[in-house]
Amino acid sequence: MSTHDIQSSELWEVSRRLINFDTVSAHSNLEAVEYLEDYLKEIGFTVKVIADDVDGVKKASVLAWFGPSQPGGLMISGHIDVVPFEGQPGWKTDPLVMETDGKRIYGRGTADMKIFIAQALVAAKQVVQQHQDFKRPLLFVFTYDEEVAGQGSGRLIKMLPQFFEETFPMPEMALIGEPTDFEIYSAHKGYATFDLVVRGIGGHSSVPKKGMNAIEKMGDVIRIITEIDRELEQRITPENTQLFPECPPSAFNFGIIGGGLAANMIADTCRLKMSLRVSPGDTSEEILGTMKDRIEREVTRKMREFSPECAVTIENLHATPPMKSPQQSPLSALLSRVFNKPVEHGAPYGTDAGNFQHIGINSYVCGPGALEQAHQPNESIPVEHFLSGQEKVEQIIADWCVQD
Ligand SMILES: [Zn+2]
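A quick note: this is a predicted structure, and the numbers were derived from the prediction, not measured.

### Quick word on the packing of helix 2 (residues 10-20) against helix 3 (residues 30-42)
It is the contact of helix 2 with helix 3, at a shortest axis distance of 10 Å, that shows an interaxial angle of 150 degrees. As the angle between them shows, helix 2 and helix 3 are arranged roughly antiparallel. Residues Glu-10, Glu-13, Val-14, Arg-17 and Leu-18 of helix 2 pack against Tyr-35, Leu-36 and Tyr-39 of helix 3. Its residues placed into classes, the contact of helix 2 with helix 3 shows five nonpolar, no polar and three charged.

Here you go:
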């Protein structure tokens, strides 16, 4: 197929428009939402836009459905937001302008994950044009702030049960088209990010006992977390070993640390930015609860005896749950057939699927482009993925929603 042929398709036009909207997570996504709403209404879907305000920035999720109002439907989901590109070195093209060299298609969000959304839209249009009589419904869910620890879907699932009760029955299963190179993942770990902040008492380094050194106390905190990490390794299950061969247990990561003002001053604060990957079977609430209790018992109590102003706090906590769907299910079988791949492993990253499965929708992650491309400069997907993805989604929708 020539570059001209690729660029004259409807899929190109929808993808190009979506990539052109600056939907970096910190910005409003309302223009893109309006475009999605118009497109979906045009092809016969009922659309509900769920507006939100995140720290003064207007954002929205899109729910859109077609077919009979009955259970057993298929949900297809993707996030509208993208990671930032401003100040990211290495871009050879304008990140908001989709381009192709005939081999790959470039632009922010090509892999993660606007082209999948475009494929799903155009695929739905094709199937709806051929079969008005859906036997089972199709529900699209497009979210914001996935790239901010899944905060958008985390907020959406608080109102979804009511929506499923009053407006549209809960779908049976969900496909989330994150970039997997068309591998099919039935599970992924949960993810939590947070800051640990130790507040001590500053002073002159010549009399260390007059202060409470926050960096020194952070050393104790790190030792406690390292102990918990070792205990988490004792919990490894055979299932998690199969799903996540490279790292089966839940695990902490120390990301950034900073504190103190000068070499000759007692450090009064120390901040540690860190994350936790949570394996299926564990919860971040439980692990972080254990961590908090032990820090309180072994560190904070003694600090407070020195001065009531001393404290260790958790700040900026964002968490999404792990996801584990059955490896054998009607949707996993269908995906396996369409993509000619087994369903064996967990995804090496978190997605909105953790939140969806949390409210009872078994979800699978499979989409065009590779993880290695996501979040990178010159983000791209191969042209074959661009072209074949739409056809695959058409097969999935037709098989689930149209055929007996
Ligand atoms: Zn993504």
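So much for the structure itself; the text now carries on.
### Concerning helix 4 (residues 110-130)
With 21 residues, helix 4 extends 28 Å between its outermost C-alpha atoms, agreeing within 8% with the 30 Å of an ideal straight helix rising 1.5 Å per residue. The buried fraction of helix 4 is high, at 18 of 21 residues.

### Some remarks on the UniProt feature "domain: Peptidase M20 dimerisation" (unreviewed entry) in the chain
Per the UniProt record, the feature "domain: Peptidase M20 dimerisation" (unreviewed entry) sits at residues 187-298. With 37% helix and 31% strand, residues 187-298 has end C-alpha atoms that lie 36 Å from one another.

### Points about unusual backbone geometry
Of note, the bond from Asp-112 into Met-113 is cis; its omega dihedral lies within 30 degrees of zero at -10 degrees. Positive phi is not limited to glycine here, since Phe-182 has a value of about 65 degrees. Position of Phe-182 among the secondary structure elements: in the loop between strand 7 (173-176) and strand 8 (187-188).

### Re the layout of surface pockets
Here the largest pocket defines a volume of roughly 460 Å³. Lining the largest pocket are 22 residues, with Glu-246, Gly-346, Ala-347, Pro-348 and Tyr-349 sitting closest to its centre. Partitioning the lining of the largest pocket into residue classes produces twelve nonpolar, five polar and five charged. One number sums up the size of the second largest pocket: a volume of about 390 Å³. In this structure, the second largest pocket is lined by 21 residues; those nearest its centre are Glu-146, Glu-147, Tyr-349, Gly-350 and His-375. Taken together, the residues of the lining of the second largest pocket break down into nine nonpolar, six polar and six charged.

### A word on the packing of aromatic side chains
Scanning the entire structure with this criterion turns up eleven aromatic pairs. Here the aromatic rings of Phe-45 and Phe-140 are separated by 5.4 Å at their centres, their planes lie at 15 degrees, and the arrangement is stacked. One end of the pair, Phe-45, is in the loop between helix 3 and strand 1 (46-54); the other, Phe-140, is in strand 6 (residues 138-143), with 95 residues separating them in the sequence. Side by side, Phe-45 and Phe-140 carry an identical accessibility label, which is buried. Geometrically, the ring pair formed by Trp-65 and Phe-168 is tilted, given 5.5 Å between the ring centres and 40 degrees between the ring planes. Here the residue Trp-65 occupies a position in strand 2 (residues 57-66), and Phe-168 occupies one in the loop between helix 5 (151-166) and strand 7, the gap between them amounting to 103 residues.

### Observations regarding the pattern of salt bridges
Scanning all chains against the criterion turns up 24 salt bridges. Here Asp-220 and Lys-217 are joined by a salt bridge, their closest N and O atoms 3.6 Å apart. Highlighted residues: Asp-220 and Lys-217, both in helix 6 (residues 214-233), separated by three residues, approximately one helical turn. Here Asp-220 falls in the partly exposed class, since its relative accessible area comes to 24%. Of the residues examined, Lys-217 reaches a relative accessible area of 19% and is grouped as buried. A salt bridge links Arg-301 to Glu-296; the shortest N-O distance between them is 4.0 Å.

The rules we used
- Residues numbered from 1 in each chain as written.
- Predicted model: local features only at pLDDT ≥ 70, side-chain atom pairs only at ≥ 80, totals over all residues.
- Heavy atoms only, no water.
- Axes fitted to C-alpha atoms, helices over the stretch in contact; angles between N-to-C directions.
- Helix = DSSP H or I, 4+ residues; strand = E, 2+ residues; numbered from the N terminus.
- Parallel < 35°, antiparallel > 145°, perpendicular 65-115°, else oblique.
- Contact = heavy atoms within 4.5 Å.
- Nonpolar A, V, L, I, M, F, W, Y, C, P; charged D, E, K, R; others polar.
- Expected span 1.5 Å × (residues − 1).
- Buried < 20%, exposed > 50% of the residue type's maximum accessible area, 1.4 Å probe, protein only.
- UniProt positions renumbered as here; feature names shortened; annotations may be inferred.
- 1 Å grid on protein atoms, 1.4 Å probe; cavity = no way out; pocket = protein on both sides within 12 Å on 5 of 7 lines; lining within 4 Å.
- Points joined across faces, edges and corners; volume = space filled by probe spheres on them.
- Phe/Tyr/Trp six-rings, centres within 6.5 Å; stacked < 30°, edge-to-face > 60°.
- Salt bridge = Lys/Arg side-chain N within 4 Å of Asp/Glu carboxyl O.

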